[in-house]
Amino acid sequence: MLQLFRCAMEEFQVIVHTLPAPTSGTYSILRLTLIGSEGGETPPISVNAGANQHHLLPGSACVVRVWSEVALGRVVLVRLRLEARTGFPDLDWHCRGVEVRRLCDRQEEGTGLQHQGVEHFPCSRWLRSVDGDVELRNGDMCLLNSETVQTLKDHRLKDLHTKQQHIRWRTFAEGVPHCVDMTSLKELGPNLSYTRQSPGINLQYLRGFDERAESWSSFTELETMFSHNGSQNTVAKYVQAHWAEDWFFGYQCLNGCNPLMVRQTRLLPPNLSINSDILCPFLPDGSSLEQELERGSIFLLDYEMLEGVPANVINGKQQFLAAPLVLLHLNQEEELKPIAIQLQQAPGPQNPVFLPSDPGPDWLLAKTWVRCSDFQCHQLSSHFLRTHLLGEVCCTATLRQLPEVHPLHQLLMPHIKTTLQINIQARASLLAANGVFDKAIGCGLEALPVLLSRATERLRYRSLCVPDDLADRGIHTLKHCYYAHDALRVWTALHRFVSGWVDVYYLGNQDVEQDSELQSWITEIYTHGFLQLPHSGCPQSFQTKPELSQFVTMVIYCCSALHAAVNFSQVDFDLWMPNCPASMTHPPPQTKGMLTEDEILSILPDVNSTCNLLITLFLLSQPAADYVPLCQYREPVFSSGAPRRLVEKVQAELRAISDEITDRNKKLELPYDYMSPDRIENSVAI
């Protein structure tokens, strides 16, 4: 009789999977409910208590039977609820997923158990007792307009509403992209935080200098410290050997830590106090400045965003900043060399233009001042703003506006999820009182919001898109600009991958226009990331598939390849401190001919601030021992069907790019491999 009663109901076999990692299990009680397409749901049953004596152990698969007295139709959601078990620790549980198999239904009453198709409900996340009800849906990605079941439409809205209550915006600083309203990793929760496996960095020879709040006594003393920390770093040793040479100054503008500043110019800045006669000795015989400008061989560095920025006080000593203008010339050997440096924006008798023909110490100090200014712009604009803050904005908007089932949520999150944790940690340490910006960098805590605000106001969407940026700056055709060559190839591969992904889920432009979740997402990014600045050029909505593909490519590129270029190069170029000083202890020179080379050391950072900064750069500039390379995905959605085919294709393209870069670098005296895809982390993880 009981058997006939049960077969008069719908019967399901449910398998609950726990991730095999050692800490994935829990003592807590798991309650499970099945929800059907017709609105009905089963009473909650216990998976691991009462009659079901299963244990949620690492790697376990708990099998239970579930009966429904009401017609469910197709099972579309699985509700899980974790409850602490009395007398046991309340441990989080890492659910891998749930499988549901229909065994018997009321239409086939009396025919025995009939196995029908298995529905998979992937999870791959931590569940906590404080989370309450967590509902899983099957792994099929789709747009809102493609939803045909009202229960799933409702779940989609409910999921976003819950996320928006938990993940909110706040102002980090006026005029700066907004950040997530969290100050600790506990608030972030286990699913948005991560553990990074340290590569094992030896910092022994940088510690113990805290009491030396004084200048380096000699270049010999500085070389001693460098030798103990850079003996195995071939790039850093090359930098030490060539840092004072003009051609290497230009090389770093193209391929150093900050390849985003230099641009071709056809006109002289009106505030640069220079004329053709003064520069003629540094140009090809028979040529003039006007001819070189017309030919496109004159390039400009302009650090105007530093003008008037308040400088830090380090070790009780006032520091100083400059806002240089630099002209560079691309010679017939394709070398980019500086030919004029003005250290402040306003021309005048106390702001001389330094030339290669000036006394050696004067010219070297002028270049060093430029490198110091570049350090400030690199850290806050090229690095923090364009990779970290942009990634955090896009991650926060994705969590708030794109449900997990949305195909762009799944595509983007592997590249942007880590930005929340690393930025929360940065705001609490590096950018806080007694952090490295406070204790070692020229633009300290007072200047930080000023400079970030200026960089944000100057940020243009075109400058974030590699083909546009390289063309606008006129560096895409330069023979020795390896950053440009590699960036364009990586961008092209990513753009092809993203376009293919968009093609799978958006049949036409109309689907893009009608995707209300997508439109809310870009509106939120425009509002909280680009601060509704029309001149930024950031899209306020999407009308076409190409527009969407370009924007998504930009996000992935900035949070992976660009971050690799501006972050992982830091120790290589900054370990020899005079090449890239973080601060200057004297004001910019107002005269020439009064300086010796040894006196330059007294203008550079103190011993303790040098070493404290290098400790930070060593910690930030090394990929994790367990890093995930670009477009190597661990998430289940990439393992089958069209997503898998797209991933395999882009991985093959990226491998080919890595091989080409390796072959090229064998011919170079100084290899450039920061943009090699096998060295690019999939996200901003440090």
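Since we're looking at a predicted model, the values are computed, not measured.

Asks: Looking at this model, I keep getting lost on the pattern of salt bridges. Mind explaining?
Replies: One side chain can pair with another of opposite charge once the charged atoms of both are near each other. With the rule as written, the count across this model stands at 41 salt bridges. In this structure, Arg-102 and Glu-10 form a salt bridge, with 2.9 Å as the shortest nitrogen-oxygen distance. With Arg-102 in strand S6 (residues 93-104) and Glu-10 in strand S1 (residues 10-18), the pair connects residues that are 92 residues apart, well separated along the chain. The same class applies to Arg-102 and to Glu-10, which are both buried. Several salt bridges share partner residues, and in doing so they unite Arg-31, Arg-81, Glu-83 and Asp-133 into one network.

Asks: Please clarify how the sheet that holds strand S2 (residues 29-36) should be interpreted in this entry.
Replies: The strands that make up a sheet pair up through hydrogen bonds in the backbone, lying either parallel or antiparallel. Read across the sheet, four strands follow the order S3-S2-S5-S8 without closing on themselves; strand pairing throughout is antiparallel. Two strands bound the open sheet, and with one partner strand each, they are strand S3 (45-46) and strand S8 (133-137). Pairing of S2 with strand S5 (residues 75-83) involves eight bridges; the strand directions are antiparallel. The partner of Leu-30 across the bridge, within S5, is Leu-82.

Asks: In this structure, what is going on with the pairing of S5? I would like to understand it.
Replies: It is a general feature of regular strands that their side chains alternate between the two faces of the sheet. In terms of burial, S5 is a largely internal element, seven of the nine residues being buried. Relative to S8, S5 is paired through five bridges, and the arrangement is antiparallel. Within the sheet, the bridge partner assigned to Arg-81 lies in S8 and is Asp-133.

Asks: How do you make sense of the side chain of Ser-287 when you look at a structure like this?
Replies: Turning to its location among the elements, Ser-287 is positioned in the loop between helix H7 (276-279) and helix H8 (289-295). A polar contact of 2.5 Å, which involves the side chain of Ser-287, links it to the side chain of Glu-292. Other than its neighbours up to four places away in sequence, Ser-287 contacts Cys-280, Glu-292 and Arg-295.

Asks: Would you take a moment to explain the sheet that holds strand S16 (residues 336-342) for this structure?
Replies: Taking strand neighbours across the sheet as the criterion, the five strands line up as S11-S12-S15-S16-S17 in an open arrangement whose pairing is antiparallel. Every interior strand has two partners, whereas the edge strands, strand S11 (263-264) and strand S17 (353-354), have only one. In this fold helix H6 (residues 246-255) packs onto strand S12 (298-302), strand S15 (325-330) and S16, with an angle of close to 95° to the strand it touches most, S16.

Asks: Help me understand the environment of Asn-258 in this model?
Replies: Mapping Asn-258 onto the fold places it in the loop between H6 and S11. We classify Asn-258 as buried; its relative accessible area is 2%. Not counting residues within four places of it along the chain, the set of residues in contact with Asn-258 comprises Gln-252, Cys-253, Asp-374, Cys-377, His-378 and Ser-382.

Rules and cut-offs
Residues numbered from 1 in each chain as written. Predicted model: local features only at pLDDT ≥ 70, side-chain atom pairs only at ≥ 80, totals over all residues. Heavy atoms only, no water. Salt bridge = Lys/Arg side-chain N within 4 Å of Asp/Glu carboxyl O. Helix = DSSP H or I, 4+ residues; strand = E, 2+ residues; numbered from the N terminus. Buried < 20%, exposed > 50% of the residue type's maximum accessible area, 1.4 Å probe, protein only. Pairing = 2+ DSSP bridges. Polar contact = N/O pair within 3.5 Å; in protein donor to acceptor, adjacent residues only side chain to side chain. Contact = heavy atoms within 4.5 Å. Axes fitted to C-alpha atoms, helices over the stretch in contact; angles between N-to-C directions.

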